[in-house]
2 protein chains.
Amino acid sequence: MTTAKRNTWQREAVREALGSSDGFISAQGLYSNLRDGGSPIGLATVYRALASLAVEGEADSLQSPEGEALYRACSTTGHHHHLICRNCGLTVEIEADAVEEWAQQVASANGFTEPQHVVDVFGLCRDCSAQARSAQASA
Amino acid sequence: MTTAKRNTWQREAVREALGSSDGFISAQGLYSNLRDGGSPIGLATVYRALASLAVEGEADSLQSPEGEALYRACSTTGHHHHLICRNCGLTVEIEADAVEEWAQQVASANGFTEPQHVVDVFGLCRDCSAQARSAQASA
DNA sequence: CTGGTTTTGACAATCATTATCAATAAGGCG
DNA sequence: CGCCTTATTGATAATGATTGTCAAAACCAG
């Protein structure tokens, strides 16, 4: 009963597809991508692979404001955060050491353990900001 | 055509139920609470009222790690963050001025506008930490 | 009260995700 | 090399939250 994790091309395919996508992507989106690429992979398998990668620490997962789970390849064992354009999906990795400490501090000050802080900033990137402004001007 | 927002007992009921619940609560949970309290309110109406309150700034909304939308009565003007026990739901409001500034700073440094930072810390409160420890010890 | 409009509410539709379960394929062992 | 055990896959059903639909009811003004 030694965990016995088998090596399948499907898992590799998901890992690779995740790695070659730029920002965060939903499981559904990744599934579509894989299908486009010719892999006859199953949807359920994509979900399982993503969950597995997330547990193993090879992928980052977060909830979009719309309630979808988004995933991203995350090579670093380190813990970092993101600045995500809520219009075009552009993602920038940001440093958050100060916030890290703050979260730890606040958590333990209240007796909490295992703080999993959700520190992601959604906004509009420069281009989308401009678009939004002109759209509003004409409205 | 002045917005014409009507005053219905249903909206009040949702507002009140939200106010009297301790921490964050899901729309479904709030619906159950209201039904228990005797209000024959409809589920769709609860969703609409919550969305409306969130837009008006009277309610805070966030995504739980499980992907549900959680709501909470929130003082209209202030913007604050939360420390939430992911086991028992205990919620503590936390000050985050430093993080506020940091988010603004990071966002504008990257050309982003309208930063909606998601800064919530999920953890295990003291009681649940103890429980988890003993559970693991016996496992 | 009456009219015009908004809002409600029951239910269907949608969407993402998870469970089911037989068939497949991986990996070890003889 | 081929077999056997068992993890894994994948099509589909099930689930669960949320949103859309639309006729009926409620609200406000005149």
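Residues numbered from 1 in each chain as written. Chains lettered and ligands numbered in written order. Predicted model: local features only at pLDDT ≥ 70, side-chain atom pairs only at ≥ 80, totals over all residues. Heavy atoms only, no water.

*Asks:* Hey, could you go over the sheet that holds strand E2 (residues 59–63) of chain A for me, with residue numbers and the actual values?
*Replies:* Backbone-to-backbone hydrogen bonds pair the strands of a sheet. The strands run either parallel or antiparallel. All names here are of chain A. Spatially, the three strands line up as an open sheet ordered E1-E3-E2, and their pairing is antiparallel. Two strands lie at the open edges of the sheet, namely strand E1 (25–26) and E2, each paired on one side alone. Looking at chain direction, E1 and strand E3 (residues 69–73) are connected through two bridges and run antiparallel. From the neighbouring strand, Ile-25 faces E3, where its bridge partner is Tyr-71. (Pairing = 2+ DSSP bridges. Helix = DSSP H or I, 4+ residues; strand = E, 2+ residues; numbered from the N terminus.)

*Asks:* Tell me about the relation of the copies chain B and chain A, and name the residues and values.
*Replies:* If you rotate chain B by 180 degrees and push it 0.1 Å along the axis, it lands on chain A with an RMSD of 0.2 Å. When the rotation and shift are considered jointly, the pair of chain copies conforms to a two-fold rotation axis. Mapped onto chain A, 100% of the interface residues of chain B are again interface residues, and the two copies thus contact each other with one and the same surface. (Least-squares fit on C-alpha atoms with pLDDT ≥ 70 in both. Contact = heavy atoms within 4.5 Å.)

*Asks:* So what about the side chain of Arg-72 of chain A? Which residues, and what values?
*Replies:* Its place among the elements puts Arg-72 of chain A in strand E3. When sequence neighbours within four positions are dropped, the list of residues in contact with Arg-72 of chain A reads Leu-18, Asp-22, Gly-23, Phe-24, Glu-58, Ala-59, Asp-60, His-82, Thr-91 and Glu-93 of chain A.

*Asks:* Which residues make up the sheet that holds strand E3 (residues 69–73) of chain B, and what are the values?
*Replies:* Residues and elements named next belong to chain B. Spatially, three strands are ordered E1-E3-E2 in an open sheet, and the strand pairing comes out antiparallel. Strands with a single pairing partner mark the edges of an open sheet, and in this sheet they are strand E1 (25–26) and strand E2 (59–63). Across the sheet, helix H1 (residues 9–19) touches E1, E2 and E3, and the angle it forms with E3 is around 85 degrees. (Axes fitted to C-alpha atoms, helices over the stretch in contact; angles between N-to-C directions.)

*Asks:* Describe the interface of chain B and chain A, listing the residues and the values that go with them.
*Replies:* In this complex, chain B contributes 37 residues to the contact, which on the side of chain A involves 37 residues. Of the roughly 2,900 Å² buried at the junction of chain B and chain A (both faces included), carbon and sulfur atoms supply 63%. The interface formed by chain B and chain A holds zero salt bridges in total. Where the side of chain B that touches chain A is concerned, the elements lending two or more residues are strand E4 (81–85), strand E5 (91–94), helix H4 (97–109), strand E6 (113–124) and helix H5 (126–138) of chain B. Here the element with the most residues in the side of chain B that touches chain A is E6 of chain B; it accounts for 12 residues. For the side of chain B that touches chain A, the residue count by class is 21 nonpolar, 10 polar and six charged. (Buried area = accessible area lost by both parts, 1.4 Å probe. Salt bridge = Lys/Arg side-chain N within 4 Å of Asp/Glu carboxyl O. Nonpolar A, V, L, I, M, F, W, Y, C, P; charged D, E, K, R; others polar.)

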